[in-house]
Amino acid sequence: MALIETSPPASLWSRLVGRLERFGRRFRPRFDWIAADVTDRCNLRCTFCGTDHSGRSGTVMDRTTFQRLCGLMPLVADGACLLSCRFEPLLHPCLMDLIESIPACSRRKVAFTTSLAMPLDDETIGRLGASGIHHVNVSVESLRADVYEAIRRGGRFAGFLDNLGRLAARFAVPGAPRLRFITVVLQENVDELVSIVETCATRYGGSHHELRHVYEPLGAARRGRRLRGHARPGRYRLRPVHDR
Ligand SMILES: C[S@@+](CC[C@H](N)C(=O)[O-])C[C@H]1O[C@@H](n2cnc3c(N)ncnc32)[C@H](O)[C@@H]1O
Ligand code: SF4
C-alpha cells in the first residue's frame, strides 16, 4: 500500500516531463539546414572554388519554386535557410523581389552567401537592409587588391570594397541583417588572416567570421587545376569576434 501511495507523485512528474518534451518538440526546428541556390550563375572563377561550373545553364529559380521553398522555411531555425551554397545569388535578377515575397514570419529563417563582386546599387543595399533576413555571409579571402584579384578571378577589388563599405554602413543599424564573413584559408592569405578577421570585425561590424580550409576541391580537381589550399584538413570556426 505504501508503495502505491508514493507512486502518484512520481508518475505525475514523469507525465509533466513527457508534456514538456512534447511541447519542446513542437517548437524545435525539424531540420538543421535548407541549402538552396536561387541560380546556377556565377560571374567569377575563383582559384579554390569547389563548384563545377562547366555544366551550368544560367537558370534562375522561378517564383513558384521559391514559394515552395518559403513553405519549408518554418522547419528550420533562424538563419538556417540558405539561398545560396554553390553559386552567386546576387546574379538572380529578381533576388530582392523573391526575398520580399517571403512571409514576414519566415524572413528571419533566411541567409545567403555572396562574393559581393557584382556592382550593387544603393537601392538594392537599402532593400537588403530592410529585408528582415537573418544574415548575409560575405566571402573575403584577401583585403589586398593584388591577392584578391589573383584568387577571385574576374573580381575587381575596388568594386568589392565599395560594395562592402556601403553594405556594412546600412547593416550597422538596429534590426538590419547581421553581417558575417567567410574566409577560405589558402597559401596566398595565410599571413593575412588575423588582419582580415580584425578588419572585418572592427571596420565592417562583422558578427561572425568563419575560417575554413578548402574542403571541397571537386570543381578545381575536375578541371585539373592545382589547388593551393593550406595543408591541414578540417574546418575551424572562430566566433563570435563580437556579437551585436
Ligand atoms: C561556393 S560559394 C557560393 C557563394 C558566392 N559565390 C561566394 O563566393 O561567396 C560559398 C562559400 O564557399 C566558399 N568556397 C568555395 N569553394 C570552396 C572550397 N573548395 N572549399 C571550401 N569553401 C569553399 C566560398 O568562398 C564561399 O564563402
Ligand atoms: S567561390 Fe563563389 S564567386 Fe568564386 S567561383 Fe565559386 S561560386 Fe563563384
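The model shown is predicted, which means the values in this text are computed figures rather than measured ones.

Draft legend 1. Main features of the overall build of the protein. When its secondary structure is counted, the protein shows eight helices and seven strands. Looking at the 244 residues of the protein, the share that counts as buried comes to 27%. Partitioning the contacts of the protein with sequence separation of at least 6, the portion at a separation of at least 24 is 80%.

Draft legend 2. Main features of the nonpolar core. Residues Ile99, Val110 and Val138 are the most contacted members of the largest nonpolar core, which totals 38 residues. Sequence-distant contacts of Ile99, that is, excluding residues within four places in its chain, are made with Val110, Ser131 and Ile133.

Draft legend 3. Expanded view of the site of ligand 2. Around ligand 2 sit Cys42, Leu44, Arg45, Cys46, Cys49, Thr51, Phe87, Glu88 and Ser115, and that is every residue in its neighbourhood. Of the residues that constitute the shell around ligand 2, the class distribution is five nonpolar, two polar and two charged.

Draft legend 4. Fine view of the pairing of strand 4 (residues 135-139). Most of strand 4 sits inside the fold, with four of its five residues counted as buried. With four bridges joining them, strand 3 (residues 110-114) and strand 4 adopt parallel strand pairing. Residue pairing across strands places Thr114 opposite Val138, the latter belonging to strand 4. Considered for its hand, the β-α-β crossover made up of strand 3, helix 4 (residues 122-129) and strand 4 is right-handed. Here strand 4 runs beside strand 5 (residues 178-185); their pairing, made up of five bridges, is parallel.

Draft legend 5. Highlighting the environment of Thr114. Mapping Thr114 onto the fold places it in strand 3. By the C-beta count within 10 Å, which is 21 here, Thr114 ends up buried. In the structure, Thr114 is positioned 27 residues away from Phe87 in sequence and 8.3 Å away in space, judged by C-alpha atoms. With residues near it in sequence (within four places) discarded, Thr114 still touches Ser84, Glu88, Pro89, Leu90, Val136 and Val138.

Draft legend 6. The arrangement of the site of ligand 1 in detail. Surveying the vicinity of ligand 1 reveals 20 residues, the closest of which are Gly50, Glu88, Ser115, Ser139 and Ile182. Going through the elements one at a time, strand 3 and strand 5 are the ones with two or more residues in the shell around ligand 1. Across the shell around ligand 1, the residue classes break down as nine nonpolar, seven polar and four charged.

Draft legend 7. Focus on helix 6 (residues 157-171). The terminal C-alpha atoms of helix 6 lie 21 Å apart, and with 15 residues this matches the ideal 21 Å at 1.5 Å per residue to within 8%. Buried within helix 6 are the following residues: Phe160, Asn163, Leu164, Leu167 and Phe171. Looking straight down helix 6, one finds that the buried residues subtend no more than 100° of arc, so they occupy a single side. When the buried face of helix 6 is taken as reference, the exposed residues oriented beyond 90 degrees from it are Ala158 and Gly165. On its buried face, helix 6 sits against helix 4, strand 4, helix 5 (145-151) and strand 5.

Draft legend 8. Region of the structure containing the pairing of strand 6 (residues 208-213). In terms of strand pairing, strand 5 meets strand 6 through six bridges, oriented parallel. If you follow Ile182 over to strand 6, its bridge partner there is Glu210. The β-α-β motif built from strand 5, the intervening helix 7 (residues 193-202) and the parallel element strand 6 has right-handed crossover chirality.

Draft legend 9. Structural view of the packing of helix 4 against helix 6. The contact between helix 4 and helix 6 brings their axes to 9 Å, and the two run at 35°. Our pair here, helix 4 against helix 6, has a crossing hand that is right-handed. Along its contact with helix 4, which presents Asp122, Ile125, Gly126 and Gly129, the element helix 6 presents Arg166, Leu167, Arg170 and Phe171. Grouping the constituent residues of the contact of helix 4 with helix 6 by class yields three nonpolar, two polar and three charged.

Draft legend 10. Structural detail: unusual backbone geometry. The backbone phi angle of Leu116 is positive, close to 55°, even though this residue is not glycine. Here Leu116 lies in the loop between strand 3 and helix 4. A tally of 22 C-beta atoms within 10 Å means that Leu116 is categorised as buried.

Rules used in this analysis
- Here the residue index of a chain counts from 1 through its sequence in written order.
- Chains carry letters and ligands carry numbers; both start at the beginning, A for chains and 1 for ligands, and go up in the order they are written.
- Whole-chain, interface and lining totals are the exception, using all residues; otherwise, since this is a predicted model, local features are given only for residues with pLDDT of at least 70 and side-chain atom pairs are given and counted only at 80 or more.
- To qualify as a helix, a DSSP run of H or I must reach at least 4 residues; to qualify as a strand, a run of E must reach at least 2; elements of each kind are numbered from the N terminus.
- Each residue is classified by how many other C-beta atoms fall within 10 Å of its C-beta atom, where C-beta atoms are placed from the backbone; a count of 20 or more means buried, 12 or fewer means exposed, and values in between mean partly exposed.
- The contact criterion used is a C-beta to C-beta distance within 7 Å, with each C-beta placed from the backbone.
- The term nonpolar core means buried Ala, Val, Leu, Ile, Met, Phe, Trp, Tyr and Cys residues held together as one set by C-beta atoms within 7 Å.
- A molecule or strand has a residue near it when that residue's C-beta atom, placed from backbone coordinates, lies within 6 Å of it.
- Note on residue classes: Ala, Val, Leu, Ile, Met, Phe, Trp, Tyr, Cys and Pro are nonpolar, Asp, Glu, Lys and Arg are charged, and everything else, Gly too, is polar.
- Strand pairing follows a simple DSSP-based rule, namely that at least 2 bridges must link the two strands.
- Think of it like this: strands point away, you trace from the first strand over the helix to the second, and a clockwise trace means the crossover is right-handed.
- To estimate how far a helix should extend, the number of its residues minus one is multiplied by 1.5 Å.
- Comment: arc refers to directions from the helix axis out to C-beta atoms.
- Fitting a line to C-alpha atoms yields each axis, with helices limited to the stretch in contact; the angle taken between N-to-C directions then spans 0 to 180 degrees.
- Helix crossings get a hand from a simple test, with the near helix turned counterclockwise from the far one by less than a right angle marking a left-handed crossing and a clockwise turn marking a right-handed one.

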